[in-house]
Amino acid sequence: MSYATHMEIRPDVTGFFDAATNTITYVVQDPASTACAVVDPVMDIDYAAGRISHAHADDIIAFIQKNGLTLDWLIETHVHADHLSGAPYIQEKLGGKLGIGANIIIVQETFGKVFNEGTEFQRDGSQFDQLFEDGDTYRVGGMECRALHTPGHTPACMTHVMGDAAFVGDTLFMPDGGSARADFPGGDAGTLYDSIQKVLSLPDETRLFMCHDYGPNGRDIRWETSVADEKAYNIHVGNGTSREEFVKFRTERDAKLDMPKLIIPSLQINMRGGDLPPADDAGKRFLKVPINGL
């Protein structure tokens, strides 16, 4: 399927790097108005102390307010396993709608069982304002944006195209970083390869913005590349790598990877749209650790 693009529109994109999780949050501004979107906002956690804070989200809020912007959308590219979402906190301060891929219901069903959530945990995506299907469009100010379903890392992964910019979540990394793992429940290396090809079918000059960067081989942190550069230089899928080659490599590599350090709190909170688990009768909140469950 081909998707209409608007390469003539060049949104202003500001990235905010969170060193604790190697995550980049983006503020994306419609060039013709003061409307903006926030993509993949981070909430801070001191996991050892069980303490939540919002310094990173406060930086985003301050930037939006300082520049006189209006927040139309908060976009989650997927249910992250390596950082907590700051979306509800920002939404409370600035408004806007919260959106994620429609297959969030698959993720909620899967991890609702893993974490032994009761019937009070809704598995219908109702924690979000919008569940995007492949090809759905929405607007940031006057700028038409499009959600592309790009599963493989998780079933609910979406790439969001805004003008000449695409926000790929964990589908791709910078060319020298390769691609995301595909061994989480619901992930699939072959599906990830197909999704990457969907992203790389966008115009060559499309700007691609990563959700993470780890500075391979000691280089400085970077988060912007292009379709053309990914096609030519990506170490996992570039220069004509076949689906069979990618699946073999990705499967073997994933078998050697450790679980993300924040996967336990991240999944429990992010599958709820960034909200904390409900409080008990004493007003206290707790996270669960499934034994041999992941």
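Structure: see above.
Residues numbered from 1 in each chain as written. Predicted model: local features only at pLDDT ≥ 70, side-chain atom pairs only at ≥ 80, totals over all residues. Heavy atoms only, no water.

Caption draft 1: Region of interest: the state of the cysteines. Tallying each qualifying case throughout the model produces zero disulfides. Not part of a disulfide, Cys36 finds its nearest cysteine sulfur in Cys145, a span of 11 Å. Judged by its relative accessible area of 0%, Cys36 is buried. Here Cys211 is not cross-linked by a disulfide; its sulfur's nearest cysteine counterpart is in Cys157, at 9.4 Å. On the basis of relative accessibility, which here comes to 1%, the residue Cys211 falls in the buried class. (Disulfide = S-S within 2.5 Å. Buried < 20%, exposed > 50% of the residue type's maximum accessible area, 1.4 Å probe, protein only.)

Caption draft 2: Local environment of the packing of aromatic side chains. Counted according to the given criterion, the structure contains eleven aromatic pairs. Pairing Tyr26 with Phe209 gives two aromatic rings, centres 5.4 Å apart and planes at 70°, and the pair type is edge-to-face. On the criterion of sequence distance, the pair formed by Tyr26 in strand β2 (residues 23–29) and Phe209 in strand β14 (residues 207–209) is long-range, its members being 183 residues apart. Side by side, Tyr26 and Phe209 carry an identical accessibility label, which is buried. Aromatic rings pair up to connect Tyr26, Phe167 and Phe209 into one cluster. (Phe/Tyr/Trp six-rings, centres within 6.5 Å; stacked < 30°, edge-to-face > 60°. Helix = DSSP H or I, 4+ residues; strand = E, 2+ residues; numbered from the N terminus.)

Caption draft 3: Expanded view of unusual backbone geometry. Not every positive phi belongs to a glycine, and Asn217 is a case in point at roughly 60°. With respect to the element layout, Asn217 can be found in the loop between β14 and β15 (224–226). On the basis of relative accessible area, Asn217 is assigned to the exposed category, the value being 84%. The phi dihedral of Asn239 falls on the positive side, at around 55°, and the residue is not glycine. Mapped onto the secondary structure, Asn239 falls in the loop between α5 (227–233) and α6 (243–254). The class for Asn239 is exposed, based on a relative accessible area of 68%.

Caption draft 4: Molecular detail of the nonpolar core. In this structure, Val27 and Ile64 are the most contacted members of the largest nonpolar core, which totals 31 residues. Among the secondary structure elements, those contributing two or more residues to this core are β3 (35–39), α1 (55–66), β6 (70–75), α2 (87–94), β8 (97–101), α3 (104–114) and α7 (263–270). Not counting residues up to four positions away in its chain, the partners in contact with Ile64 are Val27, Cys36, Val38, Leu69, Leu71 and Leu94. (Core = buried A, V, L, I, M, F, W, Y, C linked by side-chain atoms within 4.5 Å. Contact = heavy atoms within 4.5 Å.)

Caption draft 5: Region of the structure containing the sheet that holds strand β7 (residues 84–85). Ordered by their spatial adjacency, three strands build an open sheet running β5-β4-β7, and the pairing between neighbours is antiparallel. This sheet does not close on itself; its edge strands, each paired only once, are β5 (51–53) and β7. The pairing of strand β4 (residues 42–46) with β7 spans two bridges and is classified as antiparallel. When the bridges of β7 are listed, Met43 appears paired with Leu84. (Pairing = 2+ DSSP bridges.)

Caption draft 6: Fine view of the environment of Asp18. Along the chain, Asp18 turns up in strand β1 (residues 12–18). The spacing of Asp18 and His212 is 194 residues in sequence and 9.2 Å in space, taken between C-alpha atoms. Discounting chain neighbours no more than four positions away, the residues touching Asp18 are Thr23, Val42, Asp44 and His56.

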